[in-house]
Amino acid sequence: MQQLGPQGLRACQDAAVAAGVWAVASVGGLLVTASVILGVPLSELGARAGDAGGVNQVRALAVAVVLTAVLAVVLSGARTVRTAQVALLLTAAALTGPLLTGHGAIERTAFWSVLATASLVVHVFCATAWIGGLGSLIRYGRDQQAAIEKFSRLALVCALTIGATGLLTAEIHLGGREDGFGLITQWVTTGYGALVFAKAIAFAVLVYIGRRHRQATLPALAANEPAAFWRLAAVELLVMAGTVGLAVALSRTP
């Protein structure tokens, strides 16, 4: 069985810490979600635990809490590539559950619900690969030209997919299938549309950064002048963090 190298072991240990934080955050998300759906303050939530357990969103978040806790344990003991692959599957499962019970899955008729939910799952997976890949590259891949070139190709695929799935999901939520181009007509007239617009601008900034990488910083990196690449990559990661914040706000906006 193939063993992980020093960088792989380091990455798994860092990921174990991140999974632990994710598990704790998931507990908070579960409690807040249950409180909002049931319309009771957190202090009274214990008395309504049975009602909370009957809510699909709450059950999905409870499963995510368990999966992320298991993920943290698995990663902390990961020594082989096989274990890392199992951790990857657990990560995908923990991401998917809550997405299947969001408002895109419960407010539309069957076809549009499935389409919106499938689009959202692909959207989140690609965003996770893009953001996580860039963060990993900055932390572990500074001296690996081949890894940087592979990530550049992956980032391009992720960006194209994120743009397409984001547009599709937003259109479905904004009623584009019934009312025309909802994304255009409602992004300045509804809270959801305004957040979509802000996220689109952030995404456009990321696309521009990607273009700058391909035109300028990657050739400079190949010429053994890495400073510009890593500076721009750090800015890119910060913009990604802001975009994720907008995405979280979007997921909580009806």
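Residues numbered from 1 in each chain as written. Predicted model: local features only at pLDDT ≥ 70, side-chain atom pairs only at ≥ 80, totals over all residues. Heavy atoms only, no water.

(A) Highlighting the overall build of the chain. The secondary structure content of the chain amounts to 11 helices and zero strands. Counting helices and strands in the order they occur from the N terminus, the chain gives α-α-α-α-α-α-α-α-α-α-α. Out of the 254 residues in the chain, the part that is buried amounts to 37%. Within the chain, residue pairs in contact and separated by at least 24 positions form 67% of the contacts whose partners lie at least 6 positions apart. Surface summary for the chain: the accessible area is close to 13,600 Å², and the carbon and sulfur share equals 69%. (Helix = DSSP H or I, 4+ residues; strand = E, 2+ residues; numbered from the N terminus. Buried < 20%, exposed > 50% of the residue type's maximum accessible area, 1.4 Å probe, protein only. Contact = heavy atoms within 4.5 Å. Areas by Shrake-Rupley, 256 points an atom, 1.4 Å probe, with all protein chains shown as cover.)

(B) How the structure looks around the packing of aromatic side chains. One pass over the structure, following the stated rule, counts one aromatic pair. Taking the centre distance of 4.8 Å and the plane angle of 90° together, the rings of Phe229 and Trp230 count as edge-to-face. Here Phe229 falls in the buried class, since its relative accessible area comes to 4%. (Phe/Tyr/Trp six-rings, centres within 6.5 Å; stacked < 30°, edge-to-face > 60°.)

(C) Fine view of the environment of Leu154. In this fold, Leu154 is placed in helix α7 (residues 145-173). Of the residues examined, Leu154 reaches a relative accessible area of 38% and is grouped as partly exposed. As for Leu154 and Ala129, which are separated by 25 residues in sequence, their C-alpha atoms are 8.4 Å apart.

(D) Structural view of the state of the cysteines. In total, this model carries zero disulfides according to the counting rule given. Between Cys158, a cysteine without a disulfide, and Cys126, which holds the nearest cysteine sulfur, the sulfur-to-sulfur distance is 4.7 Å. (Disulfide = S-S within 2.5 Å.)

(E) Structural detail: the environment of Leu232. Note that Leu232 resides in helix α11 (residues 227-251). Taking the relative accessible area as the measure of exposure, Leu232 reaches 19% and is therefore buried. A sequence separation of 15 residues divides Leu232 from Thr217, and the C-alpha atoms of the two residues are 8.1 Å apart. Those residues within four positions of Leu232 in sequence are excluded, and the remaining contacts are Ile209, Arg212, His213 and Thr217.

(F) How the structure looks around a nonpolar patch on the surface. A contiguous nonpolar patch, built from Val27, Leu31, Val32, Val36 and Leu42 and spanning about 430 Å² of accessible area, is present on the exposed surface. With respect to the helices, strands and loops of the structure, Val27 is situated in helix α1 (residues 6-38). (Patch = residues over 30% accessible without salt bridge, like charges linked within 9 Å, V, L, I, M, F, W, Y side chains within 5 Å. Salt bridge = Lys/Arg side-chain N within 4 Å of Asp/Glu carboxyl O.)

(G) Broad picture of helix α10 (residues 191-222). The end-to-end C-alpha distance of α10 is 44 Å, a good match for the 46 Å that 32 residues give at a rise of 1.5 Å each. Where α10 bends most, at His213, the angle is about 50°. Count one or two residues on from α10 and you reach Asn224, which has phi positive near 65°. (Expected span 1.5 Å × (residues − 1). Bend = angle between axes of the 7 residues up to and from the residue.)

(H) The nonpolar core, seen in detail. By size, the foremost hydrophobic cluster in this structure holds 18 residues, and its most contacted members are Trp130, Ile148, Phe229 and Trp230. Those elements giving two or more residues to this core turn out to be α6 (110-140), α7, α10 and α11. Ranked by residue count, the leading element in this core is α7, at six residues. (Core = buried A, V, L, I, M, F, W, Y, C linked by side-chain atoms within 4.5 Å.)

(I) Highlighting the pattern of salt bridges. Counting across every chain of the model gives two salt bridges. Of the charged contacts, one joins Arg139 and Asp14 as a salt bridge, the two residues approaching to 2.6 Å between their closest N and O atoms. On the criterion of sequence distance, the pair formed by Arg139 in helix α6 and Asp14 in helix α1 is long-range, its members being 125 residues apart. Residue Asp51 is joined to Arg48 by a salt bridge in which the shortest nitrogen-to-oxygen separation is 2.6 Å. Its relative accessible area of 29% is what places Arg48 among the partly exposed residues.

(J) Spatial organisation of the side chain of Glu236. Within the element layout of this structure, Glu236 appears in helix α11. Despite its burial, Glu236 remains without a salt bridge, the nearest opposite charge being carried by Arg214 at 9.7 Å. Discounting chain neighbours no more than four positions away, the residues touching Glu236 are Trp130, Leu134, Leu206, Ile209 and His213. (Lys, Arg positive; Asp, Glu negative; His and termini not counted.)

(K) Representation of helix α3 (residues 56-76) within the structure. Between its terminal C-alpha atoms α3 stretches 30 Å, which fits the 30 Å expected from 21 residues at 1.5 Å a residue. Among the residues of α3, Val58, Ala60, Leu61, Ala64, Val65, Leu67, Thr68, Leu71, Ala72 and Leu75 are the ones counted as buried. Packing partners of the buried residues in α3 comprise α1, α2 (49-53) and α4 (81-99).

(L) Focus on the packing of α7 against α10. Taken N-terminus to C-terminus, the directions of α7 and α10 make an angle of 160°; their axes are 11 Å apart at the nearest point. The angle between the axes of α7 and α10 places the two elements in the roughly antiparallel class. Two packed elements cross with a definite hand, and for α7 against α10 that hand is left-handed. Touching Gln145, Ile148, Ser152, Arg153, Leu156, Ala159, Ile162, Gly163, Ala170 and His173 of α7 are Tyr192, Val196, Phe203, Arg214, Leu218, Leu221 and Ala222, all from α10. When its residues are assigned to classes, the contact of α7 with α10 shows 11 nonpolar, four polar and two charged. (Axes fitted to C-alpha atoms, helices over the stretch in contact; angles between N-to-C directions. Parallel < 35°, antiparallel > 145°, perpendicular 65-115°, else oblique. Left-handed = near helix turned anticlockwise from the far one by under 90°. Nonpolar A, V, L, I, M, F, W, Y, C, P; charged D, E, K, R; others polar.)

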